[in-house]
Every structure is written in C-alpha cells, then in structure tokens.
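Here is what each chain is made of, one letter per residue.
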Amino acid sequence: MSLLTVHQLYIYFRNKPIVKNIDFTVRHGEWFSLIGESGSGKSITASAIGGLLPKEMLIAAGHILFDYKDITHLSNKEFQKIRGKEISYVFQDYQSSFTPFIKIGKQLDEMIQAHCSLTKKERREIAFQALEDVQLPAKRVYDSYPFQLSGGQLQRASIAMAIMLKPKLLIADEPTTALDSITAAHVLEVIANIKEKINCAILFITHDLRMARKYSNTIAVMKQGKIVEVGTKESVIYHPSHPYTKRLLSAVPTIKRITSPTKRDLILQ
Ligand SMILES: Nc1ncnc2c1ncn2[C@@H]1O[C@H](COP(=O)(O)OP(=O)(O)OP(=O)(O)O)[C@@H](O)[C@H]1O
C-alpha cells in the first residue's frame, strides 16, 4: 500500500527546472533509497516532501501525495502539524537538529508538547523510551546539553527526536556523511532497528551504494534532476538497465578479506 507518491514533480530555480518530472512511490514500511551523484537533486526532492524548500528560491510543481493527501503546497503552518509527527527528518548536519544551549531533554519535551497533550510524566516516558531505542543512556542524555555528546551520540539523539512520535515516514538525508565509518554503520543499524520496531517507511538519501544495498527494498537512481532507474534492490543492483547505474555500481570499491589465505592466494598477492 502506498504511503508517499511523488508524481510529475518539478522543482524550479529562477524558472529553470533542477528536478525534472520525477515519479516514485514509497510503500508503508519499506526502505526506499534515493541515490545518485552530488547535485543530482536528491536533497531538494526530500526537502519538497517535508515542506522545507526555501520557497523564495525554489518552487515545486506537480504532486506529492502523503497518505493520499496532496501536500505539495501546504502552508508552513499546515506542515508544522505533520512534520515531526507524520513525517520526520534526520539530517546530515545533526548539530543543527538541536539548539546548543538547551538540554536535549527539554528539546525533546518541547517537540512532544507541540504535537500531543500529555502530562509531563508521560512526555518524559516517551522521550526516555526513544533515547533507549537509539541505544543511548536515556537519563544522562536527557539531562545533557548537545555539546556534551559525541557526533555519533548526537546523531542518535536526533534520530530519537525524529522517531519519538512514531512517524509513518522517516526521511534520512545522508545521516551518516559526517560520521566515521564504524559510527556510521552503527547509526544505520539503529535506524534499521527503529524501522522494524515502529514499522515506518524510510526515505534514505545517500551517495553510498553499499549502504543502500544493505538495507533497501527499493532503489531509485537520480542523475541531473531526473530519476533514470527505479526498481527493487535486486533489479537495480544485480540487473541495472541504465548506463549511469552501471557506472555507479562499477565505481563501488570492494574490500576482499582473506582470513586464511591458501597457497594460491599468497602466490596471487
Ligand atoms: N536553495 C537553493 N537555491 C538554488 N539552487 C539550489 C538550492 N539548493 C540546491 N540547489 C541546487 O539544486 C541542485 C540539486 O541540489 P541537491 O542538494 O538536491 O543535490 P544532491 O543530489 O542532494 O547533492 P548532494 O549529494 O551533494 O547533497 C544543485 O545544482 C544545487 O546547486
């Protein structure tokens, strides 16, 4: 069943289209990856879906249907009701998810208050549960300022904030780009666990084909503002049809680990 349908979406900058006639559908509970080279339009497509386009510069045309409702031209006020509750974001720049000199707990609390009328105790329980879900020590992090956490911890706290109210769609825009590779792998594992727990769909924006291959159900490939190929992970990774997808795949480095080399391996080295 479809959760998000993007239909004939264009995004214009000064009357020039930079996203051109794109179509795709994200089903309930699926992991959908949007991959492609830098500047291909992945992030502005994600911004359009969350109502985060700077409207004085970028204009969207076409249709974005979320839960069968056209959200393409909602006002900021209308989007505020949806964002954080129905559709949530995790950004590459996790520092900007939090105000530096306000404790994490207070910021989580304010987000819950903005969407639900619950008691202080109930809100605290929701925040603690979310922090535990992202494998953080809930009480310590709740009482910390953002600058007291490491990059990986802060990114996980921002994921906690994004999933706290059990959104139907989590948009993760290159959430691991600013992290080292081990921390990045952990953060993605956390997102994958959350997805299973709350059964949300993930719209994952990435350059990293290896990450997309690991987690996706569906992959769409963008190039110069267009989707050049979309399909199941199996079809896109193992039977790519577009030359650009083939080039992307051939550029992925592989690391072959030889745990106990045979004599032949040693000769070949
Ligand atoms: N606020 C803006 N005003 C004008 N043009 C913009 C704006 N934001 C992005 N663009 C342009 O839109 C195009 C697509 O940018 P976008 O950030 O969506 O690419 P991307 O595929 O996400 O790249 P990356 O992987 O590097 O983040 C680029 O040419 C970019 O310069």
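These figures come from a predicted structure and were not determined experimentally. (Residues numbered from 1 in each chain as written. Predicted model: local features only at pLDDT ≥ 70, side-chain atom pairs only at ≥ 80, totals over all residues.)

K.L.:
Outline unusual backbone geometry, supporting the account with residue identities and numerical values.
P.N.:
Backbone geometry at Arg14 places phi at a positive 50°, although glycine is not the residue there. For Lys166, which is not a glycine, the phi torsion comes out positive at approximately 55°. Relative to the helices and strands, Lys166 resides in the loop between helix H6 (151–163) and strand E7 (169–173). In this structure Lys166 comes out as partly exposed when scored by C-beta crowding, with 16 C-beta atoms within 10 Å. (Helix = DSSP H or I, 4+ residues; strand = E, 2+ residues; numbered from the N terminus. Buried ≥ 20, exposed ≤ 12 C-beta atoms within 10 Å, placed from the backbone.)

K.L.:
How would you explain the sheet that holds strand E5 (residues 69–70) if you had to name every residue and give the values?
P.N.:
Read from one edge of the open sheet, four strands run E2-E1-E4-E5, paired in antiparallel fashion. A single partner strand is all that each edge strand has here, and the edge strands are strand E2 (16–27) and E5. As defined by bridge partners, strand E4 (residues 58–66) adjoins E5 across two bridges and the pair is classed as antiparallel. In the strand pairing of E5, Phe66 is matched with Lys69. In the packing of helix H1 (residues 42–49) onto the sheet, contacts are made with strand E1 (2–13), E2 and E4, and the angle to E1 comes to roughly 120°. (Pairing = 2+ DSSP bridges. Contact = placed C-beta atoms within 7 Å. Axes fitted to C-alpha atoms, helices over the stretch in contact; angles between N-to-C directions.)

K.L.:
Let's hear about the site of the ligand: which residues, and what values?
P.N.:
Taken together, 14 residues form the shell around the ligand, and within it Ser38, Ser40, Lys42, Ser43 and Ile44 come nearest. The element contributing the most residues to the shell around the ligand is H1, with three residues. Of the residues that constitute the shell around the ligand, the class distribution is six nonpolar, seven polar and one charged. (Near = placed C-beta within 6 Å. Nonpolar A, V, L, I, M, F, W, Y, C, P; charged D, E, K, R; others polar.)

K.L.:
Outline the sheet that holds strand E3 (residues 31–36), supporting the account with residue identities and numerical values.
P.N.:
Reading across the sheet, the six strands line up as E6-E7-E8-E3-E9-E10 and stay open at both edges, with mixed pairing between neighbours. Strand pairing shows two members of the sheet lacking a second neighbour, strand E6 (87–90) and strand E10 (226–232), which therefore form its edges. Recorded for the sheet is a direction-independent mean angle of 15° between the axes of neighbouring strands. Pairing between strand E9 (residues 218–223) and E10: six bridges, direction antiparallel. Counted as the bridge partner of Met222 is Ile227 from E10. In the packing of H6 onto the sheet, contacts are made with E6 and E7, and the angle to E6 comes to roughly 175°.

K.L.:
Account for the packing of helix H4 (residues 120–133) against H6, naming residues and giving values.
P.N.:
With their axes 8 Å apart at the nearest point, H4 and H6 run at an angle of 130° to one another. On the basis of their axis angle, the class for H4 and H6 is oblique. As for how H4 packs across H6, the hand of that crossing is right-handed. Between H4 and H6, the residues in contact are Ala130, Leu131 and Asp133 and Ala157, Ala160 and Ile163, respectively. (Parallel < 35°, antiparallel > 145°, perpendicular 65-115°, else oblique. Left-handed = near helix turned anticlockwise from the far one by under 90°.)

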